[in-house]
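Breakdown of the fold
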Amino acid sequence: MPAKLITHIKCLVNTRETPGALYGNALAELPCIENAWLLVEDDEIAAFGSMNSMPPGTNETVSASGQFVLPAWCDSHTHIVFAASREEEFVDKIKGLSYAEIAAKGGGILNSAQKLNEVTEDELFARAWQRLDEVSKMGTGAIEIKSGYGLTVEGELKMLRVIKRLKEKSRLHIRSTFLGAHTYPLPYKNNHAGYINQIIDEMLPVIAAEKLADYIDVFCEKGFFSPEETERICSAGMQYGLKPRLHVNQLNSIGGIETGLRLNALSLDHLETMTESDISMLGKASRNGNWKGICTLLPTAAFFIGMPYQPARKLIDAGCAIALATDYNPGSSPGGNMNFVISLACIQMKMLPGEAINAATSNGACAMGLNNTLGSITPGKKASLIFTRPIPSLAYLPYAFSTNCINRVMIGGEFIS
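What you see is a predicted model; the values in this text were computed from it and never measured. (Residues numbered from 1 in each chain as written. Predicted model: local features only at pLDDT ≥ 70, side-chain atom pairs only at ≥ 80, totals over all residues. Heavy atoms only, no water.)

1. Focus on the overall build of the protein chain
Tallying secondary structure elements over the protein chain gives 15 helices and 16 strands in all. Relative to a compact globule of 417 residues, whose C-alpha radius of gyration would be 22 Å, the protein chain shows 21 Å and is just as compact. When the 417 residues of the protein chain are sorted by exposure, 58% land in the buried category. Long-range contacts, defined here as pairs at least 24 residues apart, represent 75% of the contacts in the protein chain between residues at least 6 apart. Accessible surface for the protein chain amounts to roughly 15,800 Å². Of this, 51% is attributable to carbon and sulfur atoms. Each charge class in the protein chain was averaged separately, 37 positive and 42 negative side chains, and the resulting centres sit 2 Å apart. (Helix = DSSP H or I, 4+ residues; strand = E, 2+ residues; numbered from the N terminus. Rg over C-alpha atoms; globule rule 2.2 N^0.38 Å. Buried < 20%, exposed > 50% of the residue type's maximum accessible area, 1.4 Å probe, protein only. Contact = heavy atoms within 4.5 Å. Areas by Shrake-Rupley, 256 points an atom, 1.4 Å probe, with all protein chains shown as cover. Lys, Arg positive; Asp, Glu negative; His and termini not counted. Charge placed at Lys NZ, Arg CZ, Asp CG, Glu CD.)

Structure below.
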């Protein structure tokens, strides 16, 4: 593809020489260049600078006058491969039923598992592809996708094969996570060891042989998988090269954080229910370098379920690295709009606009192991970019939460919208 020279950019956002996670107060540092140019060669960022230093050339020129240009969003926690929506449970929530009560009557994850096992792989792929296309046009350039709605050997492998097909067809960067330990299927309700053995002995060998996953995840939660069970499952996955990324502290603090730190998990996700000791533990491990992972916060899940929001300010002040993601799934966060996630992070979790943008780009990329590829405006990284409409300031993005501020999206050097 011909080189593209993007000129007269009102503000080029998140320009960095070296990639890496941003911890604590560093999350607020968002380097920008006003009145800038950016050169895209093939699918990569080649160079950038201020307009008064623009090099001469005959490249294809694209004017971004009045626009902010940012790295595309890196959504590091989703469940977008699912068979059907669950709006009937939405009505149950309005009537006052809790997450646990809905699950107890056959709803929740088991509901999605039943529906998923009733559709073909091709049907599942087509529905996921539509969602992937939708989120890319809202600025998402990289996305992590979990299994976990199969809960059988056949169902989990079907999900992971769909994710592999999405990887092969999509221009987005996709990471695949095996979440067979999402809940216990009904036949194993009273035989936890039997299902864990199935995960370890029947699922993991095939996943490894077919290269179906990059990571392994467990829902470490009261009534689901204990810290001890979580560690056993993750240790088995690690033998196949699958690094842990864990659901912890969504509903209860039961030791999932300690387990994640022992396993050196790449990301600890949810964290709605945090004690002062939990926050202190994560902060200390982050500050002393014993843990280089990311705390991934999912404000739209808290918004939809009606739970308290994650303590972002306390985690940042403790020295943690924060990422933001959508948790796109049919039960507790039925949407993949990262722009709304950023607004919620600012409005409800008191993150500064710069912190939220860094958490959705640089740190989101780190949470997927993509920090050398995406997440900032850096030479050599992929040219996956958001071009805003003319807006007065960067803070206008989270401020105008119901306004579509995106004009165009570029993925790997090509405009897709």
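2. Side note on the environment of E34
Structurally, E34 is set in strand 2 (residues 32-41). In this structure, the C-alpha to C-alpha distance between E34 and A213, residues 179 residues apart in sequence, is 40 Å.

3. Remarks on the pattern of salt bridges
Going through the model one piece at a time under the given rule, you end up with 18 salt bridges. K137 is the salt-bridge partner of D133, the closest N and O atoms lying 3.2 Å from each other. Through salt bridges with shared partners, a single network forms among E144, K146, D217, R245 and D269. (Salt bridge = Lys/Arg side-chain N within 4 Å of Asp/Glu carboxyl O.)

4. Digging into the packing of helix 12 (residues 338-349) against helix 13 (residues 353-360)
Where helix 12 contacts helix 13, the axes come no closer than 9 Å and their chain directions differ by 140 degrees. One element, helix 12, and the other, helix 13, form an angle in the oblique class. In the crossing of helix 12 with helix 13, the sense of the turn from one axis to the other is right-handed. Every residue of helix 13 that contacts helix 12 at M338, I342, A345 and C346 is listed here: P353, A356 and A360. When grouped by side-chain class, the residues that make up the contact of helix 12 with helix 13 number seven nonpolar, no polar and no charged. (Axes fitted to C-alpha atoms, helices over the stretch in contact; angles between N-to-C directions. Parallel < 35°, antiparallel > 145°, perpendicular 65-115°, else oblique. Left-handed = near helix turned anticlockwise from the far one by under 90°. Nonpolar A, V, L, I, M, F, W, Y, C, P; charged D, E, K, R; others polar.)

5. A closer look at the packing of aromatic side chains
The relative placement of two aromatic rings is captured by the distance of their centres and the angle of their planes. Tallied over the entire structure, the rule returns ten aromatic pairs. Between F90 and F304, the aromatic rings sit 5.5 Å apart at their centres with planes inclined by 25 degrees, giving stacked as the arrangement. Remark: F304 occurs in helix 10 (residues 299-305) and F90 occurs in helix 1 (residues 87-94); sequence separation between them is 214 residues. For F90, a relative accessible area of 39% gives the class partly exposed. When its relative accessible area of 24% is taken as the criterion, F304 is described as partly exposed. Where F303 meets F340, the ring centres are 5.4 Å apart and the plane angle is 80 degrees; that geometry is what we call edge-to-face. One end of the pair, F303, is in helix 10; the other, F340, is in helix 12, with 37 residues separating them in the sequence. (Phe/Tyr/Trp six-rings, centres within 6.5 Å; stacked < 30°, edge-to-face > 60°.)

6. Let's talk about helix 9 (residues 276-287)
Counted at 1.5 Å a residue, the expected span for helix 9 with its twelve residues is 16 Å, and the 16 Å between its end C-alpha atoms agrees. Of all the residues in helix 9, the buried ones are D278, I279, L282, G283, A285 and S286. Down the axis of helix 9, the smallest arc covering the buried residues is 165 degrees, so these residues share one side. For helix 9, exposure combined with an orientation more than 90 degrees from the buried face picks out E276, K284 and R287. Immediately downstream of helix 9, the backbone of G289 shows phi near 80 degrees, a positive value. (Expected span 1.5 Å × (residues − 1). Arc of directions from axis to C-beta.)

7. Concerning the pairing of strand 7 (residues 140-146)
In summary, the side chains of a regular strand alternate between the two faces of the sheet. With seven of its seven residues buried, strand 7 lies for the most part within the structure. Looking at chain direction, strand 7 and strand 8 (residues 173-181) are connected through five bridges and run parallel. Across the sheet, residue A142 finds its bridge partner in strand 8, namely H173. (Pairing = 2+ DSSP bridges.)

8. What about the packing of helix 6 (residues 192-210) against helix 7 (residues 227-238)?
Between helix 6 and helix 7, the least distance of the axes is 10 Å, while the angle of their chain directions is 10 degrees. Overall, the two elements helix 6 and helix 7 adopt an arrangement that is roughly parallel. In contact with H192, I196, N197, I199, I200 and L204 of helix 6, helix 7 contributes E229, R232, I233, A236 and G237. Of the residues in the contact of helix 6 with helix 7, the class split is six nonpolar, three polar and two charged.

9. Side note on the side chain of K146
Topologically, K146 is positioned in strand 7. We classify K146 as buried; its relative accessible area is 0%. At a separation of 2.9 Å, a polar atom in the side chain of K146 contacts the side chain of D217. Apart from the residues within four sequence positions on either side, K146 is in contact with H77, T78, H79, M159, I163, T177, L179, D217, R245, H247 and D269. (Polar contact = N/O pair within 3.5 Å; in protein donor to acceptor, adjacent residues only side chain to side chain.)

10. Thoughts on unusual backbone geometry
Note on backbone geometry: most residues besides glycine have negative phi, and most peptide bonds are trans. You will see that N35, though not glycine, has its phi angle at about 50 degrees, which is positive. Relative to the elements of secondary structure, N35 occurs in strand 2. One non-glycine residue, K350, lies in positive phi territory at about 60 degrees. Judged by its relative accessible area of 55%, K350 is exposed.

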